[in-house]
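Examining the three-dimensional arrangement
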Amino acid sequence: MNQKKIVMSGVRPTGLPHLGNWAGAFKNWVDLQEDYQCYYSIVDWHALTSEYQNTKNIRPDVRNVLLDMLGVGIDPERSVVFLQSEIKEIAELFLLFAMFTPLGWLERVPTFKEQQKELKEKDLNTIGFLGYPLLQTIDIIIVRANIVPVGEDQVSHLELAREIVRRFNNLYGNYFPEPIEFLTPIPKLPGLDGRKMSKSYDNTICLSDSAETVDKKIRPMKTDTRRMRRSDPGVPDDCPAFDFHKCFSSEEERKEIVAGCTTASIGCIDCKKILIKNLNNLLDPFRERRKKYESMPVEDILESGIKKTREVAKQTIAEARELMKI
Ligand code: SF4
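Residues numbered from 1 in each chain as written. Predicted model: local features only at pLDDT ≥ 70, side-chain atom pairs only at ≥ 80, totals over all residues. Heavy atoms only, no water.

Considerations on the site of the ligand
Neighbouring the ligand are T223, D224, R227, C239, A241, F242, C261, C268 and C271. Most atoms of the ligand, that is more than half of them, are within 2 Å of grid points of the largest cavity. Every element with two or more residues in the shell around the ligand is listed here: α11 (240–248) and α13 (268–294). (Near = heavy atom within 4 Å. 1 Å grid on protein atoms, 1.4 Å probe; cavity = no way out; pocket = protein on both sides within 12 Å on 5 of 7 lines; lining within 4 Å. Sits in = over half its atoms within 2 Å of the grid points. Helix = DSSP H or I, 4+ residues; strand = E, 2+ residues; numbered from the N terminus.)

Structure below.
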């Protein structure tokens, strides 16, 4: 019997995965494979919650996300990688849980209002969008996961997931484990323009970008505005490029940069060249592995993950129905 604790997390197939996805999720996912039974889902129903008017890219993006997951080192021999919409039991459990999840709990999730404001060009006044955190809860509990690797911004969703699980357990019997978050240890990564790294702002470095593209994107990247001229000293903590150094450069390099930037003894291009080198060192093995998988039938990997998840999901739904007397 498998004694390992269960980890579950998901990624939306909306565009090419970028460095923010790696820092905020994939790196953790790879590390967790060592000690846990991991389930990693490509959550295409979640993509629909905001992209329901424009679905043509979802299928190609599923393949791209899968290739990048394999590229960064998710090992399909150890982890289960699957497509959310192939597990119909998730939809059934979502429906059952929708019966007793109070509307107010979903309405008060901070990201609900924030995202509606942020994505105001989209009509997000839908049941699907409001129910997004409930669907996330179901993703987690369908495989009865104990641990969920998340970024800070998702902690409120995990709190809600625990509340919802407690409600089921109180109403029908103690069955589902309360999932706990596993926070990403990497500092938050801004986009190339200093805002949040996001496909919608076109400020990302994709995991599949070539070395030349990385070079082209980093060189004009936003820096501390105090450094108008090469001779002006700067403040690294006010520089998005330095935020990248915090994630991708060694402590020694960072010390040298701080000394050089604050005394204007290095220029921003010298500083960015170090970053470009470090980023390409990180991305090179990802690119190589991705290339290898591009010529393989990766759909088989997904298919095998779907079969494994279905087995667990079927058991979960049968036991939940039994407890609910349905
Ligand atoms: S030297 Fe580096 S840390 Fe300083 S402002 Fe320029 S890019 Fe930013």
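A short note on the pattern of salt bridges
Inspection of every chain in the model, using the stated rule, returns 24 salt bridges. Across the salt bridge formed by D209 and K217, the nearest N and O atoms sit 2.7 Å from each other. For R229, the salt bridge goes to D232, with nearest N and O atoms at 3.5 Å. Overall, R229 belongs to the exposed group, its relative accessible area being 55%. Here the salt bridges do not stand alone but share partners, grouping E34, D75 and R78 into one network. (Salt bridge = Lys/Arg side-chain N within 4 Å of Asp/Glu carboxyl O. Buried < 20%, exposed > 50% of the residue type's maximum accessible area, 1.4 Å probe, protein only.)

Topic: the packing of aromatic side chains
In this description, a pair of aromatic rings is defined by centroid distance and the angle of the planes. Summed over the entire model, instances satisfying the criterion amount to 13 aromatic pairs. Their ring planes at 70 degrees and their centres at 4.7 Å tell us that Y175 and F176 sit as a pair that is edge-to-face. One aromatic cluster is present, built from ring pairs that chain together F97, F100, F168, Y172, Y175 and F176. The lysine or arginine in question, R195, covers the ring of Y201, its NZ or CZ lying 4.0 Å from the ring centre. (Phe/Tyr/Trp six-rings, centres within 6.5 Å; stacked < 30°, edge-to-face > 60°. Lys NZ or Arg CZ within 6 Å of the ring centre and 35° of its normal.)

Quick word on the domain arrangement of the protein
Domains assigned within the protein are domain 1 (6–189 + 298–324) and domain 2 (209–288). For domain 1 versus domain 2, the distance between C-alpha centres works out to 34 Å. Area buried by domain 1 at its contact with domain 2 is led by L19, W22 and L189, which between them contribute 59% of it. On the surface where domain 1 and domain 2 come into contact, there are zero salt bridges. The tally of links between domain 1 and domain 2 comes to zero residue pairs in polar contact (both at pLDDT 80 or more). Across the side of domain 1 that touches domain 2, the residue classes tally to six nonpolar, one polar and no charged. (Domains from an automatic or database assignment. Buried area = accessible area lost by both parts, 1.4 Å probe. Polar contact = N/O pair within 3.5 Å; in protein donor to acceptor, adjacent residues only side chain to side chain. Nonpolar A, V, L, I, M, F, W, Y, C, P; charged D, E, K, R; others polar.)

Brief notes about a negative patch on the surface
A contiguous patch of negative charge, built from E114, E118, E152 and D153, is present on the exposed surface. For E118, a relative accessible area of 45% puts it in the partly exposed group. (Patch = residues over 30% accessible without salt bridge, like charges linked within 9 Å, V, L, I, M, F, W, Y side chains within 5 Å. Areas by Shrake-Rupley, 256 points an atom, 1.4 Å probe, with all protein chains shown as cover. Lys, Arg positive; Asp, Glu negative; His and termini not counted. Charge placed at Lys NZ, Arg CZ, Asp CG, Glu CD.)

Description of the environment of S9
Structurally, the position occupied by S9 is in strand β1 (residues 6–11). With 29 residues separating them along the chain, S9 and C38 place their C-alpha atoms 8.2 Å apart.

A few points about the layout of surface pockets
A water-sized probe rolled over the atoms picks out the places where empty space is left. Taken as a whole, the second largest pocket encloses approximately 360 Å³ of empty space. If you trace the second largest pocket, you find 16 residues lining it, with D44, R59, V62, L83 and L302 closest to the centre. At the level of secondary structure, the elements contributing two or more residues to the lining of the second largest pocket comprise α2 (44–51), α3 (58–72) and α14 (298–324). Of the residues in the lining of the second largest pocket, the class split is nine nonpolar, one polar and six charged. (Points joined across faces, edges and corners; volume = space filled by probe spheres on them.)

Some details on the nonpolar core
Taken as a class, soluble globular proteins show a tendency for nonpolar side chains to be buried jointly. L19 and F244 are the most contacted members of the largest nonpolar core, which has 95 residues in total. Two domains each put at least three residues into this core: domain 1 (6–189 + 298–324) and domain 2 (209–288). Residues contacting L19, with those up to four places away along its chain left out, are L189, M197, I205, L207, F244, F248, L279, L282 and L283. (Core = buried A, V, L, I, M, F, W, Y, C linked by side-chain atoms within 4.5 Å. Contact = heavy atoms within 4.5 Å.)

Observations concerning helix α12 (residues 251–262)
With 12 residues, α12 extends 16 Å from end C-alpha to end C-alpha; this agrees with the ideal 16 Å at 1.5 Å per step. Within the span of α12, buried status applies to E253, I257, G260 and C261. Buried positions in α12, seen along its axis, are confined to an arc of 95 degrees and lie on one side of it. Opposite its buried face, α12 presents the exposed residues E251, E252 and K255, each directed more than 90 degrees away. Looking at the packing, one finds that the buried side of α12 touches α11 and α13. Phi turns positive one or two residues past the end of α12, at A264, with a value near 60 degrees. (Expected span 1.5 Å × (residues − 1). Arc of directions from axis to C-beta.)

Quick look at the environment of I266
Along the chain, I266 falls in the loop between α12 and α13. A C-alpha to C-alpha distance of 62 Å links I266 and A320, two positions 54 residues apart in sequence. Contact partners of I266, with chain neighbours within four places excluded, come to R227, R230, I257, G260, C261 and C271.

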